[in-house]
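Residues per chain, in single letters:
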Number of protein chains: 2
Amino acid sequence: MTAPVRLYHYWRSSSAWRVRWALAIKGLAFESTIVDLAAGEQLGAEQRARNPIAHVPTLEIDGLTLSESVAIIEYLEDTRPTPALYPSGAGPRARARQVVELINSGIQPLQNLTVLRQHSGDPAGQKAWAAHFNQRGMMALEATLVQLGAHFPSGPFALGDRLTVADLYLVPQVYSARRFGVDLTPYPRVLAAEAAALASPHAASALPENQPGAPRS
Amino acid sequence: MTAPVRLYHYWRSSSAWRVRWALAIKGLAFESTIVDLAAGEQLGAEQRARNPIAHVPTLEIDGLTLSESVAIIEYLEDTRPTPALYPSGAGPRARARQVVELINSGIQPLQNLTVLRQHSGDPAGQKAWAAHFNQRGMMALEATLVQLGAHFPSGPFALGDRLTVADLYLVPQVYSARRFGVDLTPYPRVLAAEAAALASPHAASALPENQPGAPRS
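Residues numbered from 1 in each chain as written. Chains lettered and ligands numbered in written order. Predicted model: local features only at pLDDT ≥ 70, side-chain atom pairs only at ≥ 80, totals over all residues. Heavy atoms only, no water.

The phi torsion of most residues other than glycine is negative, and most of the peptide bonds are trans. Residues and elements named next belong to chain B. Note that the residue after Val56, namely Pro57, is joined by a cis bond; omega there is 5°. Mapped onto the elements, Pro57 comes out in the loop between α2 (45-50) and β3 (58-61). Backbone torsion omega between Thr82 and Pro83 reads -10°, so that peptide bond is classified as cis. Inspection of the secondary structure assignment puts Pro83 in the loop between α3 (69-79) and α4 (90-104). (Helix = DSSP H or I, 4+ residues; strand = E, 2+ residues; numbered from the N terminus.)

Scanning all chains against the criterion turns up 18 salt bridges over all chains. Close ionic contact of Arg80 of chain A with Asp62 of chain A constitutes a salt bridge, the shortest N to O distance being 2.7 Å. Placement of Arg80 of chain A in the loop between α3 (69-79) and α4 (90-104) and of Asp62 of chain A in the loop between β3 (58-61) and β4 (64-67) is noted, with a sequence separation of 18 residues between them. With its nearest N and O atoms 3.8 Å apart, the salt bridge here joins Arg97 of chain A to Glu74 of chain B. In this pair, Arg97 of chain A sits in helix α4 while Glu74 of chain B sits in helix α3, so the two residues belong to two different chains. Classification of Arg97 of chain A as buried rests on a relative accessible area of 6%. Within this structure, Glu74, Asp78, Arg93 and Arg97 of chain A together with Glu74, Asp78, Arg93 and Arg97 of chain B form a network of salt bridges that share partners. (Salt bridge = Lys/Arg side-chain N within 4 Å of Asp/Glu carboxyl O. Buried < 20%, exposed > 50% of the residue type's maximum accessible area, 1.4 Å probe, protein only.)

Looking now at the interface of chain A and chain B. With 45 residues of chain A at the interface, the matching set in chain B holds 45 residues. Applying the counting rule to chain A against chain B returns six salt bridges. Of all the secondary structure elements, the ones that give two or more residues to the side of chain A that touches chain B are α2 (45-50), β4, α3, α4, α5 (113-119) and α6 (123-149) of chain A. Ranked by residue count, the leading element in the side of chain A that touches chain B is α4 of chain A, at ten residues. Of the residues contributing to the side of chain A that touches chain B, the split by class is 18 nonpolar, 17 polar and ten charged. (Contact = heavy atoms within 4.5 Å. Nonpolar A, V, L, I, M, F, W, Y, C, P; charged D, E, K, R; others polar.)

Right, let's get into the sheet that holds β4 of chain A. Residues and elements named next belong to chain A. With mixed pairing, the four strands of this open sheet are ordered in space as β2-β1-β3-β4. In the strand order of this sheet, the two ends are held by β2 (31-34) and β4, each with one partner. Taken pair by pair, the neighbouring strands of this sheet meet at an average axis angle of 20°, ignoring direction. The sheet contact formed by β3 and β4 spans four bridges and is antiparallel. If you follow Thr58 over to β4, its bridge partner there is Ser67. Relative to the sheet, helix α1 (residues 14-25) contacts β1 (6-9) and β3, its axis offset from that of β1 by approximately 155°. (Pairing = 2+ DSSP bridges. Axes fitted to C-alpha atoms, helices over the stretch in contact; angles between N-to-C directions.)

What follows covers the relation of the copies chain A and chain B. Placing chain A over chain B gives an RMSD of 0.0 Å and needs a rotation angle of 180°, together with 0.0 Å of translation along the axis. Put plainly, the chains are arranged around a two-fold axis. In terms of proximity to the rotation axis, the leading residue of chain A is Ser105 of chain A, whose C-alpha is 2.1 Å off the axis. (Least-squares fit on C-alpha atoms with pLDDT ≥ 70 in both.)

Another aspect to go through is the domain arrangement of chain A. All names here are of chain A. As assigned here, chain A comprises domain 1 (6-83) and domain 2 (90-198). The C-alpha-based centres of domain 1 and domain 2 are spaced at 20 Å. Counting residues at the interface gives 16 residues for domain 1 and 21 residues for domain 2. Taken together, both faces of the contact between domain 1 and domain 2 bury some 1500 Å²; the carbon and sulfur share is 61%. Contact with domain 2 buries area across many residues of domain 1, yet Trp17, Arg18 and Trp21 alone supply 41% of it, more than any other trio. Applying the counting rule to domain 1 against domain 2 returns one salt bridge. When residues of the side of domain 1 that touches domain 2 are traced back to their parent elements, those giving at least two are α1 and α3. Ranked by the residues each element gives to the side of domain 1 that touches domain 2, the list is headed by α1, at seven residues. Of the residues assigned to the side of domain 1 that touches domain 2, the class counts are nine nonpolar, four polar and three charged. (Domains from an automatic or database assignment. Buried area = accessible area lost by both parts, 1.4 Å probe.)

Below, the structure written as structure tokens:
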């Protein structure tokens, strides 16, 4: 009997959202343990034992305990290659990973709640900081998608005609940018990718508002 | 005739250091274009055309222009698999990528010069911020290496008995932590990995002090 897949996550964590979405696309059901970031549960001994940097998500799968969304999603692709989340060919894969890292290391870490609190105790100061780095990031993302578009079959997704790992990073980051008040109208390529990805199969189950613990609207 | 490999880099960029080291291990000679981060050259039109987020490194190779150290090093591994920088097996590879991302997204972006300047105009305030996130990161890195050690053959490197991509991220980050005044004595596992990696073949050519533009000591 196989142990169940278990995800330690939180409804509003953008890193957890990416992994939920990848699991849904790969057809992997999972059990949830909620780590309440707003209440600081990620800083407690239990989550630190799973992941010493005190972030979510952590995934238990195949007898492994894995953290970091990139490591988890690459693992899912390595072990469950279809449906593919990465393009085929080393060059296209590198371009997909460039978009992933532009978001994963170039935007998201800078607007993590821990970082906002380190910058300022004032909510307005926190929001201005987060808006700055999201806006800078969206500008770079728009330009990057336009550049890379020449190398993929044309289409609305981040890398053209089909959903890839790049979309799994783009959509949660756009959600954050919007939450921090960034005007997204200058980034039509980004918005087109977001719309296409959100309309794709499996998008709904991963959405923040569909997770345990999310506020009822 | 093959076009030369060209790296756009800067002596003190930790992200560029990782890529120089990977190129050396893979036996790839490269030509250099220096992008002077201290002078703000990464913000100019030329580097933005290569990489819209205005970071180094960028690598021109095989007719591709690639940015983001993770995307570049994964590409080198995909196209030049020996000597291997990643462990074999999906589980060990996931663990290597977890260490890489702990540093690449969990530490380095938070102490990037652009971020320090956004936080404070005061050099002491900048240093305190950088020290905070490096110290937090070293604590998490130490605990992560101790945890993962159980899953690799024992040895001094980040993942045990041989040099991997994890060391290429660890060493430049330890260099930064030291530069910002972090006391490293509580992290013996990290220091052992650093020492082993620095003593390995190909380490020297990638060092910051051996790059064009580095100050003469």
